[in-house]
Amino acid sequence: MFKINTNYQKLPGSYLFSTIGKKVRAYQAEHPEKKVISLGIGDVTQPLAPAIIEELHRAVDEMAAAETFKGYAPDLGYEFLRTAVAQGDFASRGCDIQPDEIFVSDGAKCDCGNIQELFSLDNKIAVCDPVYPVYVDSNVMAGRTGVYDEKKGIWSDVIYMPCVAENHFAPELPKETPDLIYLCFPNNPTGSVITKSQLQEWVDYANRVGAVILYDAAYEAYISEDDVPHSIYECQGAQNCAIEFRSFSKNAGFTGVRLGYTVIPKALKCGDVSLHDMWDRRHGTKYNGAPYMIQKAGAAVYTEKGKAQLKQQIAYYKENAKIIYDGLKALGYTVSGGVNSPYVWLKIPGTMTSWEFFDHLLQNAGVVGTPGSGFGPSGEGYFRLTGFGTRKNTEEAVERIKKL
Ligand code: PLP
């Protein structure tokens with residue numbers, strides 16, 4: 001008789017966004033006449049930029065002719081994309097990352113979830129709290145997180161690093177020493193960032209204690225302040241202790257077409273063993289790369305035309321975030337984020353829990369946001385709103401909240 005991986009049964013409830021989806025569907029079934037505005041789920045709404053579409057069309061046509069047809073993509077990804085990434089995202093910022101240290105993938109979610117396979121089960125993980133749930137959930141599935149305390153919403157073997165108003169939503173070095181440290185900046189959900197000197201402290205710490213930093217820079221394109229690093233490799237010594245995840249989802253609208261990459265420097269080793277070689281081996285077996293056409297489209301992100309078009313899209317989402325931020329602030333709410341990020345983090349007034357506030361907003365304003373508690377225990381009492389909507393919906397959502 002087969003047996004299942006019982007770690008899956010330890011996961012509390014369903015994934016945050018499935019729960020939200022269920023609640024919204026129930027509301028819509030009860031109120032078919034009402035239009036629900038979603039400022040909740042982190043999906044983009046703008047179509048792919050013309051420069052990307054042109055490249056996609058060209059690549060599709062190439063697949064129709066024997067001379068230009070492409071089959072399996074190389075395991076690490078096509079050289080043309082890895083070279084464009086190494087130049088556009090790293091060399092241009094003074095980071096020494098070579099094309100063959102870049103693994104092209106079908107998005108950051110896969111990579112963030114799968115990376116833990118490289119590490120033994122007795123590694124202790126530390127996470128920002130609140131944060132993107134994939135880091136903890138993928139470690140739960142692997143059996144690395146111990147016992148869940150339903151009341152507190154915490155796992156016994158996870159080091160939670162609170163990111164709260166008192167520390168400006170930036171984690172402090174943990175008291176207990178972790179082996180794997182997940183950092184995400186600009187942060188989902190708080191929209192907070194850390195400066196280059198703060199990140200350098202983390203890199204120094206990881207090198208000192210022998211930990212690996214798993215750095216998620218999915219929202220890098222939203223950074224507008226000069227002292228905020230775009231990549232962890234801007235810090236000295238990061239090549240020896242850090243893996244970085246990037247996504248084409250939020251900077252270029254690839255949420256539906258799927259493209260991302262992970263950087264594992266060759267210098268990152270555990271004794272003699274290269275993590276780069278391990279991930280290479282994994283890609284060879286459990287391939288989660290992207291098709292040729294999508295990689296071609298991804299390369300358009302680095303062209304002058306692509307860059308100019310995407311700058312406008314990002315500015316659009318950031319302006320939406322500003323409309324939410326300013327609108328709520330004017331109403332007397334305490335808000336943060338939204339400057340180097342598409343996310344606005346709202347402190348829920350009064351005593352409502354974040355799920356109660358979710359229901360309140362949905363029932364009374366027809367607006368959907370994301371309850372902070374879904375991102376970790378320190379997210380309780382907070383609510384995430386995103387600038388990823390359309391301008392019209394964003395403005396209307398703020399107007400509806402004004403009338404609450
Ligand atoms: N990392 C963070 C912090 C995210 O918020 C998300 C998506 O919302 C991802 C990664 C996933 O990115 P992708 O769409 O490339 O899988």
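Residues numbered from 1 in each chain as written. Predicted model: local features only at pLDDT ≥ 70, side-chain atom pairs only at ≥ 80, totals over all residues. Heavy atoms only, no water.

1. Description of the domain arrangement of the protein chain
Argument step 1. Split into domains, the protein chain comes out as domain 1 (12-47 + 305-402) and domain 2 (53-303).
Argument step 2. Placing the centre of domain 1 and that of domain 2 at their C-alpha centroids yields a distance of 25 Å.
Argument step 3. Taken together, the contact pairs 33 residues of domain 1 with 43 residues of domain 2.
Argument step 4. Both faces combined, the contact of domain 1 with domain 2 buries some 2800 Å², and carbon together with sulfur accounts for 58% of it.
Argument step 5. A salt bridge links Lys305 to Glu54; its shortest N-O distance comes to 2.8 Å.
Argument step 6. Applying the counting rule to domain 1 against domain 2 returns 15 residue pairs in polar contact (both at pLDDT 80 or more).
Argument step 7. Looking at the side of domain 1 that touches domain 2, the elements with two or more residues in it are α11 (304-330), β13 (334-337), β14 (343-347) and β17 (382-386).
Argument step 8. By residue number, the principal contributor to the side of domain 1 that touches domain 2 is α11, which donates 8 residues. (Domains from an automatic or database assignment. Contact = heavy atoms within 4.5 Å. Buried area = accessible area lost by both parts, 1.4 Å probe. Salt bridge = Lys/Arg side-chain N within 4 Å of Asp/Glu carboxyl O. Polar contact = N/O pair within 3.5 Å; in protein donor to acceptor, adjacent residues only side chain to side chain. Helix = DSSP H or I, 4+ residues; strand = E, 2+ residues; numbered from the N terminus.)

2. Re the side chain of Glu244
Argument step 1. Along the polypeptide, Glu244 turns up in strand β9 (residues 242-247).
Argument step 2. Looking at Glu244, its side chain comes within polar contact range of the side chain of Ser231, at 3.0 Å.
Argument step 3. Side-chain polar atoms of Glu244 contact the backbone nitrogen of Ile232, separated by 2.7 Å.
Argument step 4. Setting aside chain neighbours within four positions, we find Glu244 in contact with Phe90, Tyr215, Ala217, His230, Ser231, Ile232, Tyr233, Tyr261, Thr262 and Val263.

3. Describing the sheet that holds strand β8 (residues 212-216)
Argument step 1. Read across the sheet, 7 strands follow the order β2-β10-β9-β8-β7-β3-β6 without closing on themselves; strand pairing throughout is mixed. Strand pairing shows two members of the sheet lacking a second neighbour, β2 (102-105) and β6 (158-162), which therefore form its edges. Ignoring strand direction, the axes of neighbouring strands in this sheet form an average angle of 20°.
Argument step 2. Strand direction decides the pairing type here: strand β3 (residues 125-129) and strand β7 (residues 180-184), joined by 3 bridges, are parallel. For Ile125, the partnering residue across the bridge sits in β7 and is Leu180.
Argument step 3. Packed onto the sheet, helix α6 (residues 134-142) meets β3, β7 and β8 and runs at close to 150° relative to β3. (Pairing = 2+ DSSP bridges. Axes fitted to C-alpha atoms, helices over the stretch in contact; angles between N-to-C directions.)

4. Looking at the site of the ligand
Argument step 1. Lining the immediate surroundings of the ligand are 14 residues, of which Asp216, Tyr219, Ser247, Ser249 and Arg258 lie closest.
Argument step 2. Within the contact set of the ligand, an oxygen atom lies 2.7 Å away from a side-chain nitrogen or oxygen of Ser247.
Argument step 3. Within the side chain of Arg258, a nitrogen or oxygen atom sits 2.7 Å from an oxygen atom of the ligand.
Argument step 4. Summarising the interface, the protein chains cover 91% of the accessible area of the ligand, which totals 390 Å² for the free molecule. (Near = heavy atom within 4 Å. Areas by Shrake-Rupley, 256 points an atom, 1.4 Å probe, with all protein chains shown as cover.)

5. Remarks on helix α9 (residues 275-285)
Argument step 1. When α9 is considered as a whole, its buried residues turn out to be Leu275, His276, Trp279, Arg282 and His283. When α9 is viewed along its axis, its buried side chains cluster within an angular range of 120° and face the same direction. More than 90 degrees from the buried face of α9, the exposed residues found are Arg281 and Thr285.
Argument step 2. As for α9, its buried residues are in contact with β2, α5 (108-114), β8, β9, β10 (260-263) and β12 (273-274).
Argument step 3. Regarding α9, its N-cap is Ser274, as a side-chain oxygen of that residue lies 3.2 Å from the backbone nitrogen of His276 further along. (Buried < 20%, exposed > 50% of the residue type's maximum accessible area, 1.4 Å probe, protein only. Arc of directions from axis to C-beta.)

6. Re unusual backbone geometry
Argument step 1. Asp129 connects to Pro130 through a cis peptide bond whose omega is 10°.
Argument step 2. With omega at -5°, the peptide bond leading from Phe185 into Pro186 counts as cis.
Argument step 3. Looking at where Pro186 falls in the secondary structure, it is placed in the loop between β7 and α7 (196-209).
Argument step 4. At His168, a residue that is not glycine, the phi angle is positive and equals roughly 55°.
Argument step 5. Here His168 lies in the loop between β6 and β7.
Argument step 6. For Arg258, which is not glycine, the phi torsion reads 75° and is therefore positive.
Argument step 7. Given a relative accessible area of 28%, Arg258 falls into the partly exposed group.

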